[in-house]
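# Fold and geometry: a report
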Amino acid sequence: MGLLGTLKQTFEASTESPNRGEIDESNEEVSAGAYWCDDCGVRLRDTEVETDSPDCPDCGGAMRFERSMSSTGCAC
C-alpha cells in the first residue's frame, strides 16, 4: 500500500466521518439520539423513553435531545 492509500484510510477512519460503524439491525428500534440532563449528566436513549420531553429521573428537571445519527463530529 502506498502513501496515498494509507492517507485515504486514515481520513476515512476519522472521527469526523459520518460513517461511524455498523448499525445493529437485530434491534428493531433504531435510536436517533439521546436525552441529556445538563444538571445531573444523566443520559437516556430516545428508545428508552415514551415521551418527547422526558424529565430527569434523578432531579426531575427537563432533559434536552441531542445527537442524531446523521450528525457528524463529537457528541461530547
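Here is a short report on the structure shown in this document. Here the structure is a predicted model, which is why all the values come from computation and not from measurement. (Residues numbered from 1 in each chain as written. Predicted model: local features only at pLDDT ≥ 70, side-chain atom pairs only at ≥ 80, totals over all residues. Heavy atoms only, no water.)

## Comments concerning a nonpolar patch on the surface
Taken together, the side chains of Leu-3, Leu-4 and Leu-7 make up a nonpolar region of the molecular surface, amounting to roughly 350 Å² of accessible area. Residue placement: Leu-4 occurs in helix α1 (residues 3-12). Accessibility expressed as a relative area gives 69% for Leu-4, which makes it exposed. (Patch = residues over 30% accessible without salt bridge, like charges linked within 9 Å, V, L, I, M, F, W, Y side chains within 5 Å. Areas by Shrake-Rupley, 256 points an atom, 1.4 Å probe, with all protein chains shown as cover. Salt bridge = Lys/Arg side-chain N within 4 Å of Asp/Glu carboxyl O. Helix = DSSP H or I, 4+ residues; strand = E, 2+ residues; numbered from the N terminus. Buried < 20%, exposed > 50% of the residue type's maximum accessible area, 1.4 Å probe, protein only.)

## Here's the deal with the nonpolar core
One finds Tyr-35, Cys-37, Val-42, Leu-44, Val-49, Cys-56 and Met-63 forming the largest nonpolar core, which totals seven residues. Residues within four places of Cys-56 in sequence aside, it is in contact with Cys-37, Cys-40, Val-42, Gly-61 and Met-63. (Core = buried A, V, L, I, M, F, W, Y, C linked by side-chain atoms within 4.5 Å. Contact = heavy atoms within 4.5 Å.)

## Quick look at the sheet that holds strand β3 (residues 64-66)
Read across the open sheet, the three strands follow the order β2-β1-β3; overall the sheet is antiparallel. In the strand order of this sheet, the two ends are held by β2 (43-45) and β3, each with one partner. Strand-to-strand twist in this sheet, taken as the mean axis angle between neighbours without regard to direction, amounts to 30°. (Pairing = 2+ DSSP bridges. Axes fitted to C-alpha atoms, helices over the stretch in contact; angles between N-to-C directions.)

## Observations regarding the state of the cysteines
Taken as a whole, this structure holds zero disulfides when the rule is applied. Just so you know, Cys-37 is unpaired, no disulfide at all, and the nearest cysteine sulfur is the one on Cys-56, 3.7 Å from it. Using a relative accessible area of 3% as the deciding quantity, one classes Cys-37 as buried. Of the cysteine sulfurs around Cys-59, a residue in no disulfide, the closest is that of Cys-40, at 3.6 Å. (Disulfide = S-S within 2.5 Å.)

Fair warning: the whole summary comes from geometry, so function is off the table for now.
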